[in-house]
Amino acid sequence: MRTFLVIIAIILTNLAIAKNYDYCVAGLGAAGSIVCETLSRDQRDKVLCLDIGQDESEMMSDLVGFYDRIRFTLDFTGEPTALDKFPWGHHVQSQESPASLGGRSLYYMQTEIAGGGMAVNGNLFNRPSSIDLAQFNSPLWTFEATNSAWKEVTHLPGGDPAYHGTGPITYNYFGHDAITTMMQSALATVLDQPVNPDTNGETSYGVGLAGRNIDVSTGVPKRQDSYSKVLKPNLNRGNLDVVFGAKVVKIELKNNKRHLVYIKDDQMESVRCKEELVLSLGPLVTPQVLQLSGIGNCAELETLGIDCLIDNPHVGENILTGTTYTQLWGSPLPYSTLGGKVNGTIVFGYDQSPFYAGPAGGTDLYVEAAAFTSTTPGIPTVLVGSFGHRAGNVGSVKLRKNNAFIDPVLKFNTYRVDELGLLKLTDMFKKVRNMMLTLSPTLFNFEIQPSFAAVPLNATDAQIATYLAQNLAIHHKYGGATMHKVVDDRLRLLDGNGNVIPGIRIVDTSISPVYPQVYSAAGTAVLIGQRGANLILEDH
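Conventions we followed
Residues numbered from 1 in each chain as written. Predicted model: local features only at pLDDT ≥ 70, side-chain atom pairs only at ≥ 80, totals over all residues. Heavy atoms only, no water. Helix = DSSP H or I, 4+ residues; strand = E, 2+ residues; numbered from the N terminus. Buried < 20%, exposed > 50% of the residue type's maximum accessible area, 1.4 Å probe, protein only. Contact = heavy atoms within 4.5 Å. Areas by Shrake-Rupley, 256 points an atom, 1.4 Å probe, with all protein chains shown as cover. Axes fitted to C-alpha atoms, helices over the stretch in contact; angles between N-to-C directions. Parallel < 35°, antiparallel > 145°, perpendicular 65-115°, else oblique. Nonpolar A, V, L, I, M, F, W, Y, C, P; charged D, E, K, R; others polar. Polar contact = N/O pair within 3.5 Å; in protein donor to acceptor, adjacent residues only side chain to side chain. Phe/Tyr/Trp six-rings, centres within 6.5 Å; stacked < 30°, edge-to-face > 60°. Expected span 1.5 Å × (residues − 1). Disulfide = S-S within 2.5 Å. Salt bridge = Lys/Arg side-chain N within 4 Å of Asp/Glu carboxyl O. Core = buried A, V, L, I, M, F, W, Y, C linked by side-chain atoms within 4.5 Å.

## Focus: the overall build of the protein
Phase 1: When you go through the protein residue by residue, the secondary structure sums to 12 helices and 25 strands.
Phase 2: Within the protein, the fraction of its 540 residues that count as buried is 58%.
Phase 3: Considering only residue pairs separated by 6 or more positions, the protein has 70% of its internal contacts joining residues 24 or more positions apart.
Phase 4: Accessible surface, the protein as shown: approximately 21,400 Å² in total, 54% of it carbon and sulfur.

## Some words on the packing of helix H5 (residues 143-153) against helix H12 (residues 521-538)
When two helices pack together, you describe them by how their axes are tilted relative to each other and by the distance separating the axes.
Phase 1: Put simply, H5 and H12 touch, their axes get as near as 9 Å, and they point 105 degrees apart. Classified by the angle between their axes, H5 and H12 sit roughly perpendicular to one another. The segment H5 lies against H12, with Ala145, Thr146, Ala149, Trp150, Glu152 and Val153 engaging Gly523, Val526, Leu527, Gln530, Arg531 and Asn534.
Phase 2: Classifying every residue of the contact of H5 with H12 gives six nonpolar, four polar and two charged.

## Focus: the side chain of His164
Phase 1: Assignment of secondary structure puts His164 in the loop between strand S5 (154-155) and strand S6 (169-170).
Phase 2: Look at His164 and you get buried, because its relative accessible area is 5%.
Phase 3: Within the structure, His164 has its side chain in polar contact with the side chain of Asp198 (distance 2.9 Å).
Phase 4: In this structure His164 touches Lys151, Leu156, Gly159, Tyr171, Asp198, Asn200 and Gly201, once residues within four positions along its chain are discounted.

## Re the packing of aromatic side chains
Phase 1: Counted under the stated rule, the structure contains nine aromatic pairs.
Phase 2: Relative to Tyr163, the ring of Phe143 has its centre 6.2 Å away and its plane inclined at 50 degrees; by these criteria the two rings are tilted. Note that Phe143 is positioned in helix H5 and Tyr163 in the loop between S5 and S6, a separation of 20 residues in sequence.
Phase 3: A ring pair is formed by Trp150 and Tyr171, whose centres lie 6.1 Å apart and whose planes are at 75 degrees; its orientation type is edge-to-face. In this pair, Trp150 sits in helix H5 while Tyr171 sits in the loop between S6 and helix H6 (178-191), placing the two residues 21 residues apart along the sequence.
Phase 4: On the accessibility criterion, Trp150 (0% relative accessible area) is buried.
Phase 5: On the basis of relative accessibility, which here comes to 0%, the residue Tyr171 falls in the buried class.
Phase 6: In this structure an aromatic cluster arises from ring pairing among Phe125, Trp150 and Tyr171.

## A look at helix H10 (residues 419-439)
Phase 1: The first and last C-alpha atoms of H10 sit 30 Å apart over 21 residues, in line with the 30 Å expected at 1.5 Å per residue.
Phase 2: Those residues of H10 lying buried are Gly421, Leu422, Lys424, Leu425, Thr426, Met428, Phe429, Val432, Arg433, Met435 and Met436.

## Here's the deal with the state of the cysteines
Phase 1: Across all of its chains, the model carries three disulfides by this definition.
Phase 2: Across a sulfur-sulfur distance of 2.1 Å, Cys36 and Cys49 are joined as a disulfide pair. In this structure the cystine formed by Cys36 and Cys49 twists about its S-S bond by roughly 105 degrees; its chirality is therefore right-handed. Residue Cys36 is located in helix H2 (residues 32-39), and its partner Cys49 is located in strand S2 (residues 47-51); the two are separated by 13 residues in the primary sequence.
Phase 3: On the accessibility criterion, Cys36 (0% relative accessible area) is buried.
Phase 4: Disulfides within the protein link the bonded cysteines, taken in sequence order, as 1-4, 2-3, 5-6.

## Focus on the pattern of salt bridges
Phase 1: Here the structure, examined in full by the defined rule, presents 21 salt bridges.
Phase 2: Across the pair Arg505 and Glu276 runs a salt bridge, and its minimum N-O distance is 3.1 Å. With Arg505 in strand S25 (residues 500-506) and Glu276 in strand S13 (residues 267-279), this pair connects stretches of sequence that are 229 residues apart. Taken as a pair, Arg505 and Glu276 share a single burial class, namely buried.
Phase 3: Each member of the salt-bridge network shares a partner with another, and the members are Glu276, Arg490, Arg505, Glu538 and Asp539.

## What about the nonpolar core?
Phase 1: Of all hydrophobic cores here, the largest spans 79 residues; its most connected members are Leu260, Leu279, Leu290, Leu493, Ile506 and Val526.
Phase 2: Looking at this core element by element, the count peaks at eight residues for H12.
Phase 3: Apart from the residues within four sequence positions on either side, Leu290 is in contact with Ile251, Leu279, Ile295, Val315, Val486, Leu493 and Ile506.

Here it is, written out as structure tokens:
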């Protein structure tokens, strides 16, 4: 009997030890994978990292578009399949009125694989600009203060070592062909911006090549993401436990101790995080988990039957989304005749709007041009996408119910009821159309989308604005746990009075107080991940 009791005691002791970690990281997307790797470098620290998805990096590394050909294609059916990994339940509503969506019902795509959106979505990779980072309003987050973190984790072959490092995530500028060279010159004229030979260097503004997180050094293009290139090579660390298929439910605060609660294989688990509990679940799920934990607007939480632990009405607020529309142009001439190579090159530039002055009214518009062959062999198509954001267009992420498996409601303000924003988008629509017509009537002489039938050449500004309002889509998202409102500049959780809640950090793009003027969703997440992880280590 004595031996039996000793064995039971040993088992219970081991279970207790297994449920205690120095650091817990929830979410292994572009930011969380970097946080997990950084915090587990010291073998003395026991680290647990969780993700709802699985490791599918071997398959997803071949998901490369615009480089000679599409090497792998997902079946985007709208219903999750074995390859989709996209739950489509994040229902988009307007914060102002249902009419803001033109009567449409939209769903926001949210990935569920290790690596997050960086592993499966687009492959543009650009760092946040100095102007973006200045709006973080902290000396810890200026371009200069974060430059070393960017260099630590990224690598641009041949780049200026002052701004480009030798880290594990390799990205490139793909070289011009004749068509993209022509597009670069045209965009520079339309936007009245100079050509920038290094849009990821000292300044991001101007017109130039977009960075792509695709490594071409071996001759076989491979997608680069934080999980596959930063964390996966280090999974064999003895102090690191990585659990896939784990749904984070909530945080529990007990007697100044932090516990992370999650469900794995239909079993609920709770682990203690002794030093830091880090949420890196993104702008939709991080605010959701906070609210499910009783951290948010107490009045709203109590109506859902959630006991309020920390009253902070800013949780889930200040969601920033951009809007996008695309104009497609086709050519009757074979691509080879035009000197095209379909080599993955994308040209982009910015049109700032100083006449919409003020942080609540400022508008930035980003224009992308990519040339590629259409479904008809040899027939080229030029895509010109315009992506706009107005600083005053903010929304929220709110719970539907007290249930982690029911997606929150993402509310946002669209441009439909924003006359100034629509004015700017309408102006850019006309500029792009005139640019394409001016390039050469023999090169790109027919508009595929929206087509001259949908929007006639003699359409009034009001007609163009109506078309845009009915066809805009939301594009990327930031905020929900904004710096200086939900976290401080060391990414520590705050209560509603600005007091630090020890041991809980948020390290993902939900902390961003600005919608980046650069097309840098992945780059912003990577930078926040490395900078945030380094700040945690500085504090310990």
